[in-house]
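In case you want the letters, here they are:
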Amino acid sequence: MQTRTQEIGVGLFLLAGLLALLLLALRVSGLTVGQHDDTYKVYAYFDNIAGLSARARVTMSGVTIGKVTAVDLDRDSYMGRVTMQIDKRVDNIPVDSTASILTAGLLGEKYIGISVGGDEEVIKENGTIRDTQSSLVLEDLIGKFLLNSVNKDSSDK
Amino acid sequence: MSTDSTYAVELRGVTFKRGERTIYDNVDIRIPRGKVTGIMGPSGSGKTTLLRLIAAQLRPDRGEVWVNGVNLPTLTRSELFDLRKQMGVLFQSGALFTDLDVFENVAFPLRVHTKLPDEMIRDIVLMKLQAVGLRGALDLMPDELSGGMKRRVALARAIALDPQILMYDEPFVGQDPIAMGVLVRLIRLLNDALGLTSIIVSHDLAETASIADYLYIVGDTQVLGQGTPAELKESTDPRVRQFIKGIPDGPVPFHFTAADYREDLLGRR
Amino acid sequence: MRRNSLLERIRLVGRAGLDVLAASGRSSIMLGQALVGRSGAGKGWQLLVKQLYAVGVLSLPIILVSGFFIGMVIALQGYNILVTYGSEEAVGQMVALTLLRELGPVVSALLFAGRAGSALTAEIGNMKSTEQLSSLEMIGVDPLKYIVAPRLWAGFISLPLLAAIFSVVGVWGGAMVAVDWLGVFEGSFWGNMQNSVQMTDVINGVIKSLVFAFVVTWIAVFQGYDCDATSEGISRATTRTVVYASLAVLGLDFILTALMFGDI
């Protein structure tokens, strides 16, 4: 009798523990099964990648289709090279698509948004997105704005 | 080397030290087979240590411990566990497993060491409990038993596997006169009925002397005296006499070893 | 030999060092003899179930309640900080990462040391002082296999599961506070969380709690097995279990964190 209730308790405990692990994996970390086999690698070069880091999202029309796996400097061109893993199901990105570094909210995390181009040809494994828009650096923006207003003032005179 | 020799247990030249302190120094003790042997001595003289040496829970620093023709210190750990099935020990507190009821406590050695079917285990347990007069306490938990009953259940458990040697560690301590009488009778009865070799470690002189066939008195790292109870009562050895008569001061001094009293009081501060 | 001479103090230091060495040696031997080799008394599964119940199931209430409250507190605190930057959606990410990487494994290990560890020490110490361990030996059953081993395994298995349950309940508590009470948009709460939490975070948390489980259980069982067989000795051993186990968990947590997240 007593051992029976204990066994039931232990059984429930083990199930609850495993279920918790499963929940952590699926619900909390948003794991999609079999990440590595179902993605392909794409590179993009940016003048300025400030703020973007590995694990950032890659989106298209606001839908997450992959993630950034590495950020490093290309020695020859002095440009930042971003390595992305894109979901295999999205295998029809035209080669003239544009990759931009965007910001979620004013101060939120950086991510990459891909806007679709019009070419027939699509990006293959280890392909490169040529057309890029760099990170929006707030200081540059303010600097440009100030310069513009100064120029305006001087031309008015 | 055969098991039918006249001595069930033999200690030859055993020396045992605990840290710096010598408990036994080159001691010889022989326990005759089929008899009740008492090992007596003042508290703190290492009587329980002696039991643990015989049960090989402790290893002597020097000397040999022969049990049923096997020298214990030479055995491996697993060989020891096998050999211990031939021995039963009744510990001072009974040492019943507190999470098992009386029945399961007595059944425990059988379940572990035999593959007997449940009905047969039940029959054996009932027989053992009947032998100690506690068949009615079958379903009680150890904490529902009195001290004397605990010891009797523990006794039933100790004889569950029909050991050849049964050791009792201070069986009479803290027992009321009735429980004491019951135990004394049980020890004698079991010894004769089952053909056991019994070893009683105790400092209760009257009870031990009343059932023991042979007595050892240990103390001060030595065997002080041995013989039948009658022989020991006539002993002229001053240390044996002090123990048997219960004299407060003598060869075993009243005062613990200390510096000079006067010097301690008046001398250095 | 004056009592307070320099030499005497050095001797005491040396003595303490030797004691530590001897204890670690004894505990390693205990671990080895308990876990390696034939199981002896058969029916090992039943013994394990019994200990899983005592160690795991009975620790569940405290784990559930504390996990829930800690998740709620992180959500509240996090919301108050994040709302000043206008990014209160990130509260889900904050709750999940804090719980998975740190608080889940660490707090559940500390609670486990207090609840199950001390109970293990007291139980084994009590068995020792009532001569139940000696008695087992005399029946021909190795107490290391029969008493110690199932408790070690039960601890190893229970704590990682308890830590996972702790984290899940904490995330749930955090979601309740953030979404239902503070009005963070539910979609961005979970979305932010899932985007920022990686599978490696979950795995690292599990690795941490596996290490903690091993250390806490080992300390608890050894302290019980090695204690002075008196009631005073048992109470001292129980205190030592909680103190040593907690210190070990916190120290190891730093080392593990440095190894896992130190140089990304």
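Residues numbered from 1 in each chain as written. Chains lettered and ligands numbered in written order. Predicted model: local features only at pLDDT ≥ 70, side-chain atom pairs only at ≥ 80, totals over all residues. Heavy atoms only, no water.

- An unreviewed UniProt entry lists chain B under the name Intermembrane phospholipid transport system ATP-binding protein MlaF, from Pseudomonas duriflava.
- Regarding chain B, the UniProt comment filed under Function (unreviewed entry) reads as follows: "Part of the ABC transporter complex MlaFEDB, which is involved in a phospholipid transport pathway that maintains lipid asymmetry in the outer membrane by retrograde trafficking of phospholipids from the outer membrane to the inner membrane. Responsible for energy coupling to the transport system."
- Looking at the Subunit (unreviewed entry) heading of the UniProt record, one finds this comment for chain B: "The complex is composed of two ATP-binding proteins (MlaF), two transmembrane proteins (MlaE), two cytoplasmic solute-binding proteins (MlaB) and six periplasmic solute-binding proteins (MlaD)." (UniProt positions renumbered as here; feature names shortened; annotations may be inferred.)

- Under an unreviewed UniProt entry, the name given to chain A is Phospholipid/cholesterol/gamma-HCH transport system substrate-binding protein, and the organism recorded is Pseudomonas duriflava.

Things to note about the domain arrangement of chain A
How big an interface is tends to be stated in terms of accessible area lost as the parts join.
Here's step 1: Splitting chain A by domain gives domain 1 (1–34) and domain 2 (39–136).
Here's step 2: Placing the centre of domain 1 of chain A and that of domain 2 of chain A at their C-alpha centroids yields a distance of 38 Å. (Domains from an automatic or database assignment.)

A short note on empty space enclosed by the protein
Here's step 1: Tallied over the entire structure, the rule returns three cavities of 30 Å³ or more.
Here's step 2: Of all elements in the fold, only β6 (87–90) and α5 (147–158) of chain B together with α5 (132–139) of chain C reach the threshold of two or more residues within the lining of the largest cavity.
Here's step 3: Of the residues belonging to the lining of the largest cavity, the class tally is eleven nonpolar, two polar and two charged.
Here's step 4: Here the second largest cavity is characterised by a volume of approximately 80 Å³.
Here's step 5: Surrounding the second largest cavity, 14 residues form its lining, Leu24(A), Ala163(C), Ala164(C), Gly205(C) and Val206(C) being those nearest its centre. (1 Å grid on protein atoms, 1.4 Å probe; cavity = no way out; pocket = protein on both sides within 12 Å on 5 of 7 lines; lining within 4 Å. Points joined across faces, edges and corners; volume = space filled by probe spheres on them. Helix = DSSP H or I, 4+ residues; strand = E, 2+ residues; numbered from the N terminus. Nonpolar A, V, L, I, M, F, W, Y, C, P; charged D, E, K, R; others polar.)

Considering the side chain of Ser97(A)
Residues and elements named next belong to chain A.
Here's step 1: Mapped onto the fold, Ser-97 is located in the loop between β4 (79–87) and β5 (98–103).
Here's step 2: Within polar-contact distance, the side chain of Ser-97 engages the backbone oxygen of Pro-94 at 2.7 Å.
Here's step 3: Here the side chain of Ser-97 touches Gly-117 through a polar contact of 3.3 Å, landing on its backbone nitrogen.
Here's step 4: Residue contacts for Ser-97: discarding those within four places in its chain leaves Ile-114, Ser-115, Val-116, Gly-117, Ile-129 and Asp-131. (Polar contact = N/O pair within 3.5 Å; in protein donor to acceptor, adjacent residues only side chain to side chain. Contact = heavy atoms within 4.5 Å.)

Points about the pairing of strand β2 (residues 21–32) of chain B
The side chains of a regular strand alternate, first on one face of the sheet and then on the other.
All names here are of chain B.
Here's step 1: As paired elements, strand β1 (residues 7–18) and β2 share eight bridges and run antiparallel to each other. By the bridge assignment, Arg-18 is partnered in β2 with Arg-21.
Here's step 2: In this antiparallel pair of consecutive strands, β1 and β2, the connection spans two residues, and Gly-19 shows a positive phi of 65°. (Pairing = 2+ DSSP bridges.)

Remarks on the interface of chain A and chain C
Here's step 1: Listed by partner, the interface residues are 26 residues for chain A and 32 residues for chain C.
Here's step 2: Between chain A and chain C, the buried area comes to about 2500 Å², and carbon and sulfur atoms account for 74% of it.
Here's step 3: For chain A, the biggest contributors to the area lost against chain C are Phe13(A), Val28(A) and Arg55(A); these three give 28% of the whole.
Here's step 4: At the junction of chain A and chain C, the tally comes to zero salt bridges.
Here's step 5: Remark: the boundary between chain A and chain C carries zero residue pairs in polar contact (both at pLDDT 80 or more).
Here's step 6: Among the elements of the structure, α1 (2–28) and β3 (63–74) of chain A are those that each provide at least two residues to the side of chain A that touches chain C.
Here's step 7: If you tally residues by element for the side of chain A that touches chain C, the top one is α1(A), at 17 residues.
Here's step 8: When the residues that make up the side of chain A that touches chain C are grouped by side-chain class, the tally is 14 nonpolar, six polar and six charged. (Buried area = accessible area lost by both parts, 1.4 Å probe. Salt bridge = Lys/Arg side-chain N within 4 Å of Asp/Glu carboxyl O.)

Observations regarding the packing of helix α4 (residues 91–129) of chain C against helix α7 (residues 186–196) of chain C
Residue and element names in this part refer to chain C.
Here's step 1: It is at 7 Å that the axes of α4 and α7 come closest, and there the two elements cross at 50°. One finds that α4 runs oblique with respect to α7. For the pair α4 and α7, the sense of crossing is right-handed. Here Val-91, Gly-92, Gln-93, Ala-96 and Leu-97 of α4 lie close against α7, whose contacting residues are Phe-189, Asn-192, Met-193 and Ser-196.
Here's step 2: When the residues that make up the contact of α4 with α7 are grouped by side-chain class, the tally is five nonpolar, four polar and no charged. (Axes fitted to C-alpha atoms, helices over the stretch in contact; angles between N-to-C directions. Parallel < 35°, antiparallel > 145°, perpendicular 65-115°, else oblique. Left-handed = near helix turned anticlockwise from the far one by under 90°.)

Quick notes on the side chain of Thr15(B)
Here's step 1: Assignment of secondary structure puts Thr15(B) in strand β1.
Here's step 2: Excluding residues within four positions of it along the chain, Thr15(B) makes contact with Tyr24(B), Asp25(B), Asn26(B), Pro60(B), Asp61(B) and Arg62(B).

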